[in-house]
Amino acid sequence: MSKLKVLTNEDLSKISDDFGEILENEVSKTISVKELEDLDLDIVLSYDDGQLDVDVDVGVLFDELSEINQEQVSKAIDEAYLKFDSYINENFRD
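Summary of the structure given here. Keep in mind it's a predicted model, so treat the numbers as computed, not measured.

Re the layout of surface pockets
Quantified by volume, the largest pocket comes out at close to 170 Å³. Forming the boundary of the largest pocket are Leu4, Gly50, Gln51, Leu52, Val54, Tyr81, Phe84, Asp85, Ile88, Asn89 and Arg93. Residue assignment for the lining of the largest pocket shows that the elements contributing at least two residues are strand E2 (51–62) and helix H2 (70–91). When residues of the lining of the largest pocket are assigned to their parent elements, the largest contribution, 5 residues, is made by H2.

Dropping the structure here:
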């Protein structure tokens, strides 16, 4: 795997925004708009010594009639991380 290029603050901001979109897309594939009352994404990036770490906290408030469970949401988050890895590889590696 190629090395991660040096990231600027602008890069980090773009990465955070784009990962938020990836997460929203993956969660919306799992949870229909009718079942979702609120979605709160908290993305924390840390970049030290050429190492990018991403931590995400996804808060989901379901409609009271929803049959979605936490395992389905976790799978959506896992899928988002896989797509995020591809995104980083395509856009931020030398």
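Some remarks on a negative patch on the surface
Taken together, the side chains of Glu37, Asp38, Asp40, Asp42, Asp48, Asp49, Asp53, Asp55, Asp57 and Glu64 present a region of like negative charge at the surface. Of all the secondary structure elements, the ones that give two or more residues to the negative patch are strand E1 (36–48) and E2. The element that contributes the greatest number of residues to the negative patch is E1, accounting for 5 residues. Locating Asp48 in the fold gives a position in strand E1.

Let's talk about the packing of aromatic side chains
Enumeration over the complete set of coordinates arrives at 4 aromatic pairs. Members of the aromatic cluster, connected to one another through ring pairs, are Phe19, Tyr81, Phe84, Tyr87 and Phe92.

Conventions and cut-offs
Residue numbers here run from 1 along each chain, matching the order of that chain's written sequence. In keeping with the model being predicted, local features are shown solely for residues with a pLDDT of at least 70 and side-chain atom pairs are shown and tallied solely at 80 or more, while totals for entire chains, interfaces and linings include all residues. The basis for the side-chain values is all heavy atoms of the structure; hydrogens and waters are excluded. Lining residues are defined by having an atom within 4 Å of a point belonging to a cavity or pocket. Those points lie on a 1 Å grid over the protein atoms alone, cavities being sets where a 1.4 Å probe fits but cannot get out and pockets being open sets with protein on both sides within 12 Å along at least five of seven lines. Grid points are joined across faces, edges and corners, and a volume is the space filled by probe spheres set on the points. Only DSSP runs of H or I with at least four residues qualify as helices, and only runs of E with at least two residues qualify as strands; both kinds are numbered from the N terminus onward. Nonpolar side chains (Val, Leu, Ile, Met, Phe, Trp, Tyr) within 5 Å and like charges within 9 Å form the patches, drawn only from residues with over 30% relative accessible area and no salt bridge. Each accessible area is a Shrake-Rupley result for a 1.4 Å probe, and residues are judged covered by the shown protein chains and nothing else. Salt bridge criterion: a side-chain nitrogen from Lys or Arg within 4 Å of a carboxyl oxygen from Asp or Glu. Note on charges: Lys and Arg go in the positive column, Asp and Glu in the negative column, and His and the chain ends are not counted at all. Taken as the charge location is NZ of Lys, CZ of Arg, CG of Asp or CD of Glu. Centres within 6.5 Å are what make two rings of Phe, Tyr or Trp a pair, Trp counting through its six-membered ring; a difference in plane orientation under 30 degrees is then read as stacked, over 60 as edge-to-face, and the rest as tilted.

Limitation: the analysis is restricted to geometry and does not speak to function.
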